[in-house]
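Read off the chains here:
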Amino acid sequence: MFYRNVDEGTVISQEMISEGIFSLWIKNEGAKHAGAGQFVGVYPKGKDTMLMRPISICETKPEENAMRLVYRVAGAGTKEFSELKKGDKVKILANLGNGFPVDEVKGKTIVLMGGGIGIPPMLGTAKALAGEDVHAYLGYRNNDTFLSDEFMQYSKVYIAAEDGSVGVKGNVIDALKATTVLKPDVIMACGPMPMLRAIKNYAAENGITAYISLEERMACGVGACLGCVCKTVNKDEHSHVNNTRICTEGPVFNAEEVDI
Amino acid sequence: MNTKVNIAGVEFKNPVMTASGTFGSGMEYGQFVDLNKLGAVVTKGVSNVPWPGNPTPRVAETYGGMLNAIGLQNPGVDVMIERDLPFLAKYDTKVIVNVCGKTVEDYIEAVERLNETNVDMFEINVSCPNVKEGAIAFGQKADALFDVTKRIKAVSKKPIIMKLSPNVTDITEMAKAAEAAGSDAISLINTLTGMKIDIERRKFVLANKTGGMSGPALKPVAIRMVYQCANAVNIPIIGMGGIATGEDAIEFLMAGATAVAVGAMNFVNPTATVDVIEGIEKYMMRHNISDINEIIGCVK
Ligand SMILES: Cc1cc2nc3c(=O)[nH]c(=O)nc-3n(C[C@H](O)[C@H](O)[C@H](O)COP(=O)(O)OP(=O)(O)OC[C@H]3O[C@@H](n4cnc5c(N)ncnc54)[C@H](O)[C@@H]3O)c2cc1C
Ligand SMILES: Cc1cc2nc3c(=O)[nH]c(=O)nc-3n(C[C@H](O)[C@H](O)[C@H](O)COP(=O)(O)O)c2cc1C
Ligand code: FES
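Residues numbered from 1 in each chain as written. Chains lettered and ligands numbered in written order. Predicted model: local features only at pLDDT ≥ 70, side-chain atom pairs only at ≥ 80, totals over all residues. Heavy atoms only, no water.

**Overview of the overall build of chain B**
Assigned secondary structure in chain B consists of 9 helices and 16 strands. On C-alpha atoms alone, chain B measures out to a radius of gyration of 18 Å, which is about the 19 Å that the 2.2 N^0.38 rule sets for 300 residues. For the C-alpha atoms alone, the extent of chain B along its principal axes is close to 55 × 50 × 40 Å. By residue count, 63% of the 300 residues in chain B fall in the buried class. The long-range share in chain B, meaning contacts at least 24 apart out of those at least 6 apart in sequence, stands at 70%. Of the side chains in chain B, 29 bear a positive and 32 a negative charge, and the two mean positions are spaced by 4 Å. (Helix = DSSP H or I, 4+ residues; strand = E, 2+ residues; numbered from the N terminus. Rg over C-alpha atoms; globule rule 2.2 N^0.38 Å. Buried < 20%, exposed > 50% of the residue type's maximum accessible area, 1.4 Å probe, protein only. Contact = heavy atoms within 4.5 Å. Lys, Arg positive; Asp, Glu negative; His and termini not counted. Charge placed at Lys NZ, Arg CZ, Asp CG, Glu CD.)

Written out as structure tokens, the structure is:
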């Protein structure tokens, strides 16, 4: 459901779930309208920061107006967020972007793929698809497999670790190939660009529809500044050039439509 | 209390406009503010044909501001006429279309296409630092600025505002050239050329290497330039650069601007435009000012 506002959020709780990775629950109005794969802009308060930080909505509890953000401390903004305590106020630009088309894929064999800090939005997506034939492939650097337990309530879980310490050695595509009795109809993915490129190619070669969630530097988050564009195969309906706004037309795109 | 200002015969209900490129054509921020409250909506720069803009990353945060190198991506004047202008026509606000081009002919073609529309004024961007050809060249040499202004003025059926670049040695020379060539008003400042390096990756943060700086860190430079221009020319000035509050806007008016525009701060506070208008009104009440025009250029 479309919701757009600057919310005053209140921190419900925060914990570190892995080295440098935090799970933050916030109470805000946008939570009950949020869809899987949408994101929010969280404004830091520090004087050396100014723009909102785009963070994916990991999951929500609509009945409690609660939204969960899982993020990695990357710089000044996320460092500040990691110090938020219960009861603190946060300014949030909610809700941004389109999200994964979960209603369109019901009844199909669905593979969710998350790599590193791209895993959080896939949890909410798994939750939205609970009861469907969902297989989650999660890619980690090592055996610190944050969030993987939580996926088990909604889907089958397959793990890949770059260092081979757990699951399949390699990335999520390697894990998919290793379990390939499975022929997915649809892949939904979020993660680093090389992973998304590999998924785009794999999906094209195997006749699978893939939806990928992209990332880019943003200023406005609402489609006004044209800072966050991605190249498109065809002319974009809004821009009339081969560029589309990730914050507005995305962050989720059919992989066939974007030139990455 | 009167907040109306007049620029080249066009009356604005208040002196607060949007800065080109930070507000699209009003649709996006129309979700946060009532566009009817604004003095004017100034559109993103539009050219005769669609422009794809620069590669990404196009934006970067800096201390007290940001850099952008959008490269004037725009859908072209036809889409502006078919989609954006009818949208804006629904609101009781003035519409200023910002026009960009690579050659004088590009500007003229866009202006001629827009002449027959309900646009109130044109703002001519001769000062974008982020496109390689044309544009900025017109804004950095007084004789080139004089020439482009004169040729656009000759074909324009609407009053024109030449938008000046701060990336010059003496901005008053530019202001004088625009005035001498018949520009009805000037607006300043466009972004200040900057650069940011990612020292961990030893790379430029922006794909374009350089970008235009905007935001609060820019304000003192903008105030100084508005003051200098106000003392150099007699045409009205639209001032901008880092405006976040009503107080910031008042500072520009006192320096000599007849109107102001809010840019990058829309990103930080989506209701910034309306907050600035309310801040101006509160200031006027607090200081018993019955007419906003009383304070324009009051600091000599
Ligand atoms: C749609 C979207 C969803 C995202 N979801 C998540 C998430 O769920 N969890 C998570 O940990 N991270 C997520 N990110 C990345 C996150 O936005 C950045 O890590 C964060 O902005 C860094 O801010 P900082 O101040 O800590 O770092 P700095 O490096 O100090 O930030 C400086 C500037 O660069 C921008 N920036 C830096 N890295 C990125 C990046 N990777 N993407 C976009 N902008 C960046 C910042 O927003 C800020 O404007 C997402 C990014 C996008 C675009
Ligand atoms: C993202 C972005 C895009 C811009 N695009 C344009 C443009 O298309 N045409 C133009 O004349 N100025 C453009 N500008 C410059 C602004 O209109 C304004 O002159 C400048 O940013 C200073 O004001 P500010 O500090 O309030 O942003 C742009 C600025 C930003 C931040
Ligand atoms: S961040 Fe401004 S258009 Fe996407």
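**What about the layout of surface pockets?**
All names here are of chain A. Computed from the structure, the second largest pocket encloses a volume of approximately 480 Å³. Lining of the second largest pocket is provided by 28 residues; of these, His33, Ala34, Gly35, Gln38 and Asn98 occupy positions nearest its centre. Only strand E5 (59-61) and helix H2 (120-128) provide two or more residues apiece to the lining of the second largest pocket. Tallied by class, the residues present in the lining of the second largest pocket amount to 11 nonpolar, 11 polar and 6 charged. (1 Å grid on protein atoms, 1.4 Å probe; cavity = no way out; pocket = protein on both sides within 12 Å on 5 of 7 lines; lining within 4 Å. Points joined across faces, edges and corners; volume = space filled by probe spheres on them. Nonpolar A, V, L, I, M, F, W, Y, C, P; charged D, E, K, R; others polar.)

**Considerations on the confidence of the model for chain B**
Looking at chain B, the pLDDT average stands at 96 and 97% of residues meet or exceed 70. The ipTM value of the predicted complex is 0.95, and its pTM value is 0.97. (pLDDT = per-residue confidence, 0-100.)

**Quick look at the site of ligand 2**
Residues and elements named next belong to chain B. Surveying the vicinity of ligand 2 reveals 21 residues, the closest of which are Ser20, Lys163, Gly215, Gly242 and Ala264. Note that an oxygen atom of ligand 2 is positioned 2.7 Å from one of the side-chain N or O atoms of Lys163. Summarising the interface, the protein chains cover 98% of the accessible area of ligand 2, which totals 610 Å² for the free molecule. For ligand 2, the cavity whose grid points lie within 2 Å of the majority of its atoms is the largest cavity. Classifying every residue of the shell around ligand 2 gives 5 nonpolar, 14 polar and 2 charged. (Near = heavy atom within 4 Å. Polar contact = N/O pair within 3.5 Å; in protein donor to acceptor, adjacent residues only side chain to side chain. Areas by Shrake-Rupley, 256 points an atom, 1.4 Å probe, with all protein chains shown as cover. Sits in = over half its atoms within 2 Å of the grid points.)

**Description of helix H9 (residues 272-286) of chain B**
Residue and element names in this part refer to chain B. For H9, spanning 15 residues, the distance from its first C-alpha to its last is 20 Å, which sits close to the expected 21 Å at 1.5 Å a residue. Here H9 has its buried residues at Ala272, Thr273, Val274, Val276, Ile277, Gly279, Ile280, Tyr283 and Met284. The secondary structure elements touched by the buried residues of H9 are strand E3 (16-18), helix H7 (246-255), strand E16 (259-262) and helix H8 (265-268). In the stretch just after H9, Asn288 is the one whose phi turns positive, near 55°. (Expected span 1.5 Å × (residues − 1).)

**Looking at the pattern of salt bridges**
Summed over all chains, the structure comprises 18 salt bridges over all chains. Between Glu105 of chain B and Arg151 of chain B there is a salt bridge, and its shortest N-O distance comes to 3.1 Å. With Glu105 of chain B in helix H2 (residues 104-115) and Arg151 of chain B in helix H4 (residues 142-155), this residue pair connects regions lying 46 residues apart in the sequence. Residue Glu105 of chain B is classed as partly exposed on the basis of its relative accessible area of 47%. A salt bridge links Glu116 of chain B to Lys157 of chain B, with the nearest nitrogen and oxygen atoms 2.8 Å apart. Here Glu116 of chain B is found in the loop between H2 and strand E8 (121-125), whereas its partner Lys157 of chain B is found in the loop between H4 and strand E9 (160-163), with 41 residues between them in sequence. Each member of the pair, Glu116 of chain B as well as Lys157 of chain B, carries the same accessibility label: exposed. Among the charged side chains, a salt-bridge network with shared partners connects Glu59, Arg68, Lys127 and Glu150 of chain A. (Salt bridge = Lys/Arg side-chain N within 4 Å of Asp/Glu carboxyl O.)

**Regarding the nonpolar core**
Most often, soluble globular proteins keep nonpolar side chains buried together rather than apart. Membership of the largest hydrophobic core comes to 138 residues, with the highest contact counts inside it found for Met113 and Ile187 of chain A together with Met17, Val97, Ile124, Ile186 and Leu188 of chain B. Here this core takes 7 residues from H9 of chain B, the largest share from any one element. Residues lining this core come from more than one domain, with at least three contributed by each of domain 1 (5-96) and domain 2 (102-213) of chain A. Once residues lying within four places of it in the same chain are set aside, the contact partners of Val97 of chain B are Thr43, Val46, Met80, Leu85, Leu114, Val119, Met121, Phe122 and Glu123 of chain B. (Core = buried A, V, L, I, M, F, W, Y, C linked by side-chain atoms within 4.5 Å. Domains from an automatic or database assignment.)

**Structural notes on the environment of Tyr227 of chain B**
Residues and elements named next belong to chain B. Tracing the backbone through its elements, the reader meets Tyr227 in helix H6 (residues 219-230). Separated by 55 residues in the primary sequence, Tyr227 and Lys282 have C-alpha atoms spaced 24 Å apart. Setting aside residues no more than four positions away along its own chain, Tyr227 makes contact with Ala255, Val299 and Lys300.

**Let's talk about the site of ligand 1**
All names here are of chain A. Taken together, the neighbourhood of ligand 1 is formed by 19 residues, with Pro54, Arg72, Gly77, Thr78 and Glu215 sitting nearest. A distance of 2.8 Å separates an oxygen atom of ligand 1 from a polar atom in the side chain of Arg53. Within the contact set of ligand 1, a nitrogen atom lies 2.6 Å away from a side-chain nitrogen or oxygen of Glu215. For ligand 1, whose free accessible area comes to 820 Å², the fraction covered by protein is 85%. For the shell around ligand 1, the elements supplying multiple residues, two or more each, are strand E4 (53-56), strand E6 (66-72) and helix H1 (76-82). With 4 residues, E4 is the single largest residue contributor to the shell around ligand 1. For the shell around ligand 1, the residue count by class is 10 nonpolar, 4 polar and 5 charged.

**Focus on the sheet that holds strand E11 (residues 192-195) of chain B**
Residue and element names in this part refer to chain B. Strand order in the open sheet formed by 4 strands is E5-E6-E14-E11, and the pairing between neighbours is antiparallel. Because the sheet does not close on itself, it has two edges, and the strands there are strand E5 (59-62) and E11. Direction aside, neighbouring strands of the sheet carry axes that sit 40° apart on average. Bridge analysis of strand E6 (residues 65-68) against strand E14 (residues 210-214) gives 3 bridges, and the strand direction is antiparallel. From the neighbouring strand, Met66 faces E14, where its bridge partner is Ser214. (Pairing = 2+ DSSP bridges. Axes fitted to C-alpha atoms, helices over the stretch in contact; angles between N-to-C directions.)

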